[in-house]
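Letter by letter, the chains look like this.
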Amino acid sequence: MRADAERSTARILEAAEAVLADDPNASLERIGDAAGVARATVHRRFTSRQALLDALREQLNERYLLVIEQASVRTAPPVLALHRVSEIVFELKMSHRFTITLASAPSREVQDGLDLLFTRLHAAGAITAAGPAWCRRVYLALMTEVHLLPDDAPELAEAGGRAGLLVRTVLGALGGR
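Residues numbered from 1 in each chain as written. Predicted model: local features only at pLDDT ≥ 70, side-chain atom pairs only at ≥ 80, totals over all residues. Heavy atoms only, no water.

**Some details on the confidence of the model for the chain**
Move 1: For the chain, the average pLDDT comes to 91, and 98% of its residues sit at 70 or higher.
Move 2: Averaged pLDDT values for the elements of the chain fall to 83 in helix α6 (residues 97-102) and rise to 96 in helix α7 (residues 108-123). (pLDDT = per-residue confidence, 0-100. Helix = DSSP H or I, 4+ residues; strand = E, 2+ residues; numbered from the N terminus.)

If you want it as structure tokens, here you go:
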């Protein structure tokens, strides 16, 4: 894809995230307007609304994979990596409010990264729960609950924010020492 086509595709996806977060039923034409491109350009890049939604999901998955890399899940001290993953994912949840609602389960690659993290947490003695898939499911469920807390929830202030509360709760739930 040429550089200008890549830039317009990126603008369309960025505009789609913003427009659809405010109005999930917004038209492709409205998304094109917000991106500063003609409706025909949107239709050239995405043959249907579903294709656009699929592209948003794929972009979010790529960002989740980048989170695993940025948090140094393979090499950083595991509790630090857990905290960093949590911080970055909460940032994604805020900046991608619409796309987050589309995502069902993380991709296999993202699950593998989280499973590695929980395997490392267990090996380091930070948690007693040994099943990484179970730990991942608990983590993702608790992440949803922490994300849904109102910004003024006392639990958030006590724990130093969403990531702090999530890490503390996950370590406690999984038998952290």
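**A short note on the packing of helix α5 (residues 78-95) against helix α8 (residues 132-148)**
Move 1: The contact between α5 and α8 brings their axes to 12 Å, and the two run at 50°. When the axes of α5 and α8 are compared, the pair comes out oblique. Crossing of α5 against α8: the hand is right-handed. In this structure, α5 uses Leu82, Val85, Ser86, Val89, Phe90, Lys93 and Met94 to contact α8, whose residues at the interface are Tyr139, Met143, Val146 and His147.
Move 2: For the contact of α5 with α8, the class distribution of residues is eight nonpolar, two polar and one charged. (Axes fitted to C-alpha atoms, helices over the stretch in contact; angles between N-to-C directions. Parallel < 35°, antiparallel > 145°, perpendicular 65-115°, else oblique. Left-handed = near helix turned anticlockwise from the far one by under 90°. Contact = heavy atoms within 4.5 Å. Nonpolar A, V, L, I, M, F, W, Y, C, P; charged D, E, K, R; others polar.)

**Some remarks on unusual backbone geometry**
Move 1: Even without being glycine, Ser72 reaches a positive phi, approximately 50°.
Move 2: Along the polypeptide, Ser72 turns up in the loop between α4 (49-70) and α5.
Move 3: When its relative accessible area of 28% is taken as the criterion, Ser72 is described as partly exposed. (Buried < 20%, exposed > 50% of the residue type's maximum accessible area, 1.4 Å probe, protein only.)

**Observations regarding the packing of helix α1 (residues 3-22) against α4**
Move 1: One way to put it is that α1 packs onto α4 with a least axis distance of 10 Å and a crossing angle of 100°. By the angle between their directions, the pair α1 and α4 is classed as roughly perpendicular. Residue-level inspection shows Ile12, Leu13, Ala16, Glu17 and Leu20 of α1 in contact with α4, the latter providing Arg49, Leu52, Leu53, Ala55, Leu56 and Gln59.

**Section: the side chain of His96**
Move 1: Summarising the element assignment, His96 is placed in the loop between α5 and α6.
Move 2: Side chain to side chain, His96 and Arg63 meet in a polar contact 2.2 Å long.
Move 3: Once residues within four sequence positions are removed from consideration, His96 is found in contact with Glu17, Leu60 and Arg63. (Polar contact = N/O pair within 3.5 Å; in protein donor to acceptor, adjacent residues only side chain to side chain.)

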